[in-house]
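Structural characterization, general
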Amino acid sequence: MLVTLLRTVILYIFVILGLRIMGKRQIGDMQPNELVITILISEIAAIPIQDINAPVVNGIIAIFMLVVLEILISFLSMKSAHARQLINGKSAVIVKDGQMDQKLMKQMRVTVADLMEVLRIQNVFHIDQVAYAILETNGKLSVLLKPENQPATAEDLDKHPADDGIPALVINDGTLLKEGIQLAGTNREAVDQILKCQRLTYKEVFLMTMDKTGKHYIVKKGMEA
């Protein structure tokens, strides 16, 4: 039992390390080769865990061989457009000016029901409002609405709102976060002053966010947000 647990921990660490080296990708954003590599890594890692007689080092070597292969393929894809198209395929415009390319949809094995479902997810309910719908190589659909159907922007309204940044997490469960302070463009003294005004200590704060303007939001421990 102890051997199995130890082997599992070792392989878990090396699988996480391998995936970190490959880079951050969500499953839905993976290219075909990345998805294949990820599946193979999980299968290879499972073998030494299930079979105690299988050397752990063999699994580790195989995992990192796959990681190296993925890095080489990614490098080749960056340097060669032909290689990138061969490995990942190419994007396809399946809707243009509100008209579906039925021939291309058949080649891509995309049904009308599939297309309409994805459009609805993106809050598009009328296909005649679509200027372009592009099926990307990772299987996602990029949609550009016709100019008259696009929502108005601040630029269209001749507005110039200030950039307040994003509400950065500066205190998490009583702990001050340096990264959050930097993201909010503030300092510890400013946070201390806010807490002092509200008669709070760090240990009493469950969550605190703050933006570049100094606007903040605090949730005390024991309270619901």
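Look above for the structure.
Being a predicted model, the structure only gives us computed values, none of them experimental.

**As for the overall build of the protein**
- Secondary structure assignment for the protein yields 8 helices and 8 strands.
- With the principal axes as the frame, the protein shows a C-alpha extent of 65 × 65 × 35 Å.
- A total of 225 residues make up the protein; the buried ones form 28% of that total.
- Sequence-distant contacts in the protein: of pairs separated by 6 or more residues, those separated by 24 or more amount to 50%.
- Charged side chains in the protein number 24 positive and 24 negative. The centres of these two groups are separated by 4 Å.

**With respect to the pattern of salt bridges**
- According to the stated counting rule, one finds 3 salt bridges in the structure shown.
- One salt bridge connects D192 with R188, and the closest N-O pair in it is separated by 4.0 Å. Within this pair, D192 and its partner R188 are both found in helix α8 (residues 188–197), separated by 4 residues, close to a single helical turn.
- Using a relative accessible area of 32% as the deciding quantity, one classes D192 as partly exposed.

**Points about the side chain of K146**
- Relative to the helices and strands, K146 is located in the loop between β4 (141–145) and β5 (168–172).
- Assessed through its relative accessible area of 16%, K146 is described here as buried.
- Sequence-distant contacts of K146, defined by excluding residues within four places in its chain, comprise D97, G98, D128, Q129, V130 and A131.

**Quick look at unusual backbone geometry**
- Phi is positive for D97, which is not a glycine, with a value near 55°.
- As for its placement among the helices and strands, D97 is situated in the loop between β1 (92–96) and β2 (99–100).
- With phi around 50°, D173 is a residue other than glycine that occupies positive phi space.
- With respect to the secondary-structure elements, D173 resides in the loop between β5 and β6 (175–176).
- With a relative accessible area of 42%, D173 lands in the partly exposed category.

**What to know about the pairing of β4**
- Two elements, strand β3 (residues 130–135) and β4, share 5 bridges in a ladder whose sense is antiparallel. Each residue of the ladder has a partner; that of I134, found in β4, is S142.
- Taking the residues between adjacent antiparallel strands as the criterion, β3 and β4 are bridged by 5 residues, where G139 takes a positive phi near 95°.

**Digging into the sheet that holds strand β8 (residues 216–220)**
- Within the open sheet, the 4 strands sit side by side as β6-β5-β7-β8. Their pairing is antiparallel. On the outer flanks of this sheet lie β6 and β8, each paired with one strand and no other.
- Relative to β8, strand β7 (residues 205–210) runs antiparallel, the two sharing 5 bridges. Looking at the pairing, L207 lines up with V219 of β8.

**Some points on a nonpolar patch on the surface**
- A surface patch of nonpolar side chains, amounting to about 400 Å² of accessible area, comprises V9, Y12, I13 and I16.
- Following the sequence through the fold, V9 ends up in helix α1 (residues 2–22).
- We classify V9 as partly exposed; its relative accessible area is 45%.

**Regarding the pairing of β3**
- Across 4 bridges, β1 lies against β3 in antiparallel orientation. Paired with A92 across the strands is L135, a residue of β3.

**Considerations on the sheet that holds β2**
- Sheet architecture is open: 4 strands sit in the order β2-β1-β3-β4, paired in antiparallel fashion. Looking at strand neighbours, the two that pair on one side only are β2 and β4, the edges of this open sheet.
- Across the sheet, helix α6 (residues 112–121) is in contact with β1, β2, β3 and β4; its angle to β4 comes to roughly 65°.

**Description of the environment of V36**
- Tracing the chain through its elements places V36 in helix α2 (residues 32–50).
- Residue V36 is classed as partly exposed on the basis of its relative accessible area, which comes to 46%.
- Taking the C-alpha atoms as reference points, V36 and E70, 34 residues apart in sequence, are found 9.8 Å from one another.

**Details of the packing of helix α3 (residues 56–79) against helix α4 (residues 81–88)**
- Running from N to C, α3 and α4 point in directions that differ by 125°, and their axes come no closer than 5 Å. When the axes of α3 and α4 are compared, the pair comes out oblique. Across the interface between the two elements, I73, L76, S77, M78 and K79 of α3 pack against A81, A83, R84, I87 and N88 of α4.
- The residue makeup of the contact of α3 with α4, split by class, is 6 nonpolar, 2 polar and 2 charged.

How each quantity is defined
Residues numbered from 1 in each chain as written. Predicted model: local features only at pLDDT ≥ 70, side-chain atom pairs only at ≥ 80, totals over all residues. Heavy atoms only, no water. Helix = DSSP H or I, 4+ residues; strand = E, 2+ residues; numbered from the N terminus. Buried < 20%, exposed > 50% of the residue type's maximum accessible area, 1.4 Å probe, protein only. Contact = heavy atoms within 4.5 Å. Lys, Arg positive; Asp, Glu negative; His and termini not counted. Charge placed at Lys NZ, Arg CZ, Asp CG, Glu CD. Salt bridge = Lys/Arg side-chain N within 4 Å of Asp/Glu carboxyl O. Pairing = 2+ DSSP bridges. Patch = residues over 30% accessible without salt bridge, like charges linked within 9 Å, V, L, I, M, F, W, Y side chains within 5 Å. Areas by Shrake-Rupley, 256 points an atom, 1.4 Å probe, with all protein chains shown as cover. Axes fitted to C-alpha atoms, helices over the stretch in contact; angles between N-to-C directions. Parallel < 35°, antiparallel > 145°, perpendicular 65-115°, else oblique. Nonpolar A, V, L, I, M, F, W, Y, C, P; charged D, E, K, R; others polar.

Scope: geometric values only; no functional claims are made or implied.
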